[in-house]
Amino acid sequence: MNKERQTALLKENFFIALDVIRAHKLRSSLIILGVAIGVTALMGMVSILLGLTEKIKQDVRSSEKTVVVLMKYDFFVQGGMNEAVLRRKDITEEDARAVKEESKTLEHVSLLVEPRNRPPSTLRYGNEKSRMISIIGSEPSLFHIWSLDLDEGRMFTEEELARRAKVVVLGRSPRRDLFPSVDPIGKQILIENDTYTVVGTFVERKTLFGNLAENFAVIPYTTYMGNMWRRMDDRRVAGALRDGVSLEAAKDDVIRIMRVRRKLKANQDNDFAVTSSDAAVEFLDRLTAPVAAVLAAISSIALLVGGIGVMNMMLVSVTERTGEIGIRKAVGATRMDILWQFLIEAGTLTGIGGVLGILGGWLSASGVSALTGLPSNLSPFYVVLAVIFSVGIGIFFGLYPANRASKLDPAIAMCYAK
């Protein structure tokens, strides 16, 4: 019976709150608007941030298989790099060959060579010039590791790799820049001061980074080492995870091979790093978490302003309804009944603002996505959290006025009754 009474009392107080909102439309609307603006700002930014994060993760995981990478040091490691790490031995062609021959957990293993600490390259064909792109030296198996699809021509062969042939496979961006209306296969282009034959082009890659994800060209790593290598360039070994093999097992396998090669003792740390394509996703999570917290803190200022408005309105409401409170107490309402009446009024006000703010945040994020192409994503978790937070703001800032109302002496309060 007590539970039924509490349910009936909550329902009654909710309808009283709606009556009060209707009776004071302008004042209530301003409070609701303040909360709605805060929630709109919060939900809009969270929606865009979640959409961006999810899209970047999809782009990072664009390969159909998980990729394990052996490198000199981990770019995504926390705590930064020290001098000892920077002085580590470089990854070599022999390391790549050992991983390829000895690993039972990886397939399509390839040595990758890329420029570092120097400007990107510009390709030329006649009077045409490409934008700045990255030149990557690799083995033909890179085609399988990165799940790249060819648009025209072919990938270079093992025989071309062995004889350091000057052949190149173009990403979509340089292909479009150099050959807007010409078949590129078999054409001669300039990379730095050397002439290369185009043997293939890759298909367009639809990612958040647009042309940036297509600004590359691939040549045999042997050709790269013979013609383009600089001392600071980066060498690493990449391999795709075999079906049925766990990521940790593959990492342990590569670590075992490298520790044996470098004759490391049991008490010595690895002088190399083994990571995976998922490391970029983990790094992204570490990066976006504090950004999301800062955005939430900034947008919450508007909610706090709305909460202060709720407190002000409830204090005015308590003063205006002193007589009503006295009558309710005189006919049997307890202190808790009065307390809950005003708390529910405050929570209803901010709850309505929260619902309107969620709708506004979704509409604003959708508008930004339509205008800029940035993805947006509003998860049910954040919708529920926004409603709870907005109602909580009302209850928190309504607590003092509600407590003040509940403590009124009924005999004195009734003197204000009209």
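Note that the structure is a prediction, hence the values are computed from the model and not measured.

**Some details on the side chain of S390**
Residue position: S390 is located in helix α13 (residues 380-406). Overall, the relative accessible area of 0% leaves S390 in the buried class. Every residue in contact with S390, bar those within four places of it in the chain, is listed here: V35, V39, T350, G351 and G354.

**Remarks on the nonpolar core**
Membership of the largest hydrophobic core comes to 37 residues, with the highest contact counts inside it found for L70, L123, I135, V168, I189 and I191. Among the elements that take part in this core, helix α9 (residues 247-261) stands out by supplying five residues, more than any other. The residues contacting V168, other than those within four sequence positions of it, are I189, I191, Y196, T197, V198, V199, G200, A217, V218 and I219. Membership of the second largest hydrophobic core comes to 19 residues, among which are M155, F156, V167 and V218.

**Observations concerning the pattern of salt bridges**
Taken as a whole and assessed by the stated rule, the structure comprises 22 salt bridges. The salt bridge partner of R236 is E114, with a shortest N-O separation of 2.0 Å. Residue R236 is located in strand β11 (residues 234-241), and its partner E114 is located in strand β2 (residues 106-114); the two are separated by 122 residues in the primary sequence. For the pair formed by R236 and E114, the shared burial category is buried. Its salt-bridge partner being D253, residue R256 comes within 2.7 Å of it at the nearest N-O pair. Note that R256 and D253 are positioned in helix α9 at a spacing of three residues, about one turn of the helix. What makes R256 partly exposed here is its relative accessible area of 42%. Within the structure, one salt-bridge network assembled from shared partners comprises D95, R261, R262 and D271.

**A look at the packing of aromatic side chains**
Across all of its chains, the model carries three aromatic pairs by this definition. Seen from their ring centres, Y125 and F179 are 4.6 Å apart, and the 45 degrees between their planes marks the pair as tilted. Separated by 54 residues along the polypeptide, Y125 in strand β3 (residues 123-125) and F179 in the loop between α7 (172-178) and β8 (188-191) bring together distant segments of the chain. With relative accessibility at 0%, the residue F179 sits in the buried group.

**A few points about α13**
With 27 residues, α13 should cover 39 Å at 1.5 Å per step; its first-to-last C-alpha distance of 36 Å lies within 8% of that length. For α13, every residue scored as buried is listed here: A386, S390, I393, G394, F397, G398, P401, A402, A405 and S406.

**Describing the confidence of the model for the chain**
Residue-level pLDDT values for the chain average 81, and 83% of them are 70 or greater. Taken together, the stretch residues 207-212 has pLDDT below 50 and engages in 13 contacts with residues farther than four places along the chain or on a different chain.

**A look at the side chain of R88**
On the secondary structure map, R88 appears in the loop between α3 (83-86) and α4 (93-102). For the buried R88, no salt bridge is present, and the opposite-charge side chain at shortest range is D271, 6.3 Å distant. A polar contact is formed between the side chain of R88 and the backbone oxygen of N270, at a distance of 3.4 Å. Within the structure, R88 has its side chain in polar contact with the backbone oxygen of F272 (distance 3.5 Å). If sequence neighbours within four positions are ignored, R88 has contacts with K72, Y73, N270, D271, F272 and A273.

**Some points on unusual backbone geometry**
Backbone geometry at H108 places phi at a positive 55 degrees, although glycine is not the residue there. When you line up the elements, H108 lands in strand β2. A relative accessible area of 32% means that H108 is categorised as partly exposed. Of note in the backbone geometry, K263 takes a positive phi value of approximately 55 degrees without being a glycine. Relative to the helices and strands, K263 is located in the loop between α9 and β12 (273-276).

**Examining the pairing of strand β10 (residues 216-220)**
Taking burial as the measure, the five residues of β10 include five buried ones, the bulk of the element. As judged from the five bridges shared by strand β5 (residues 134-138) and β10, these two strands associate in the parallel manner. Each bridged residue has a counterpart across the sheet, and for I135 the counterpart in β10 is A217. In this structure, strand β7 (residues 167-170) lies alongside β10, joined through two bridges in antiparallel fashion. By the bridge assignment, L170 is partnered in β10 with A217.

**Some details on a nonpolar patch on the surface**
Taken together, L26, L30, L33 and I37 make up a surface patch of nonpolar side chains, about 430 Å² in accessible area. As for its placement among the helices and strands, L26 is situated in helix α2 (residues 25-60).

**Observations concerning the pairing of β8**
Burial along β8 is one-sided: I189 and I191 are buried, and none of Q188 and L190, which face the opposite way, are. Bridge count between β8 and strand β9 (residues 194-202): four bridges; the pairing is antiparallel. Residue pairing across strands places L190 opposite T195, the latter belonging to β9. Counting the residues between successive antiparallel strands, the hairpin from β8 to β9 contains two residues, one of them, E192, with a positive phi of roughly 60 degrees.

**Section: the packing of α4 against α9**
Between α4 and α9, the shortest axis-to-axis distance is 10 Å and the interhelical angle comes to 130 degrees. In terms of orientation, α4 and α9 fall into the oblique class. For the pair α4 and α9, the sense of crossing is right-handed. From α4, E94, D95, A98, V99 and E102 reach across to α9, where they touch V254, R256, I257, M258 and R261. Here the contact of α4 with α9 is built from residues that sort into five nonpolar, no polar and five charged.

The rules behind each value
- Residues numbered from 1 in each chain as written.
- Predicted model: local features only at pLDDT ≥ 70, side-chain atom pairs only at ≥ 80, totals over all residues.
- Heavy atoms only, no water.
- Helix = DSSP H or I, 4+ residues; strand = E, 2+ residues; numbered from the N terminus.
- Buried < 20%, exposed > 50% of the residue type's maximum accessible area, 1.4 Å probe, protein only.
- Contact = heavy atoms within 4.5 Å.
- Core = buried A, V, L, I, M, F, W, Y, C linked by side-chain atoms within 4.5 Å.
- Salt bridge = Lys/Arg side-chain N within 4 Å of Asp/Glu carboxyl O.
- Phe/Tyr/Trp six-rings, centres within 6.5 Å; stacked < 30°, edge-to-face > 60°.
- Expected span 1.5 Å × (residues − 1).
- pLDDT = per-residue confidence, 0-100.
- Lys, Arg positive; Asp, Glu negative; His and termini not counted.
- Polar contact = N/O pair within 3.5 Å; in protein donor to acceptor, adjacent residues only side chain to side chain.
- Pairing = 2+ DSSP bridges.
- Patch = residues over 30% accessible without salt bridge, like charges linked within 9 Å, V, L, I, M, F, W, Y side chains within 5 Å.
- Areas by Shrake-Rupley, 256 points an atom, 1.4 Å probe, with all protein chains shown as cover.
- Axes fitted to C-alpha atoms, helices over the stretch in contact; angles between N-to-C directions.
- Parallel < 35°, antiparallel > 145°, perpendicular 65-115°, else oblique.
- Left-handed = near helix turned anticlockwise from the far one by under 90°.
- Nonpolar A, V, L, I, M, F, W, Y, C, P; charged D, E, K, R; others polar.

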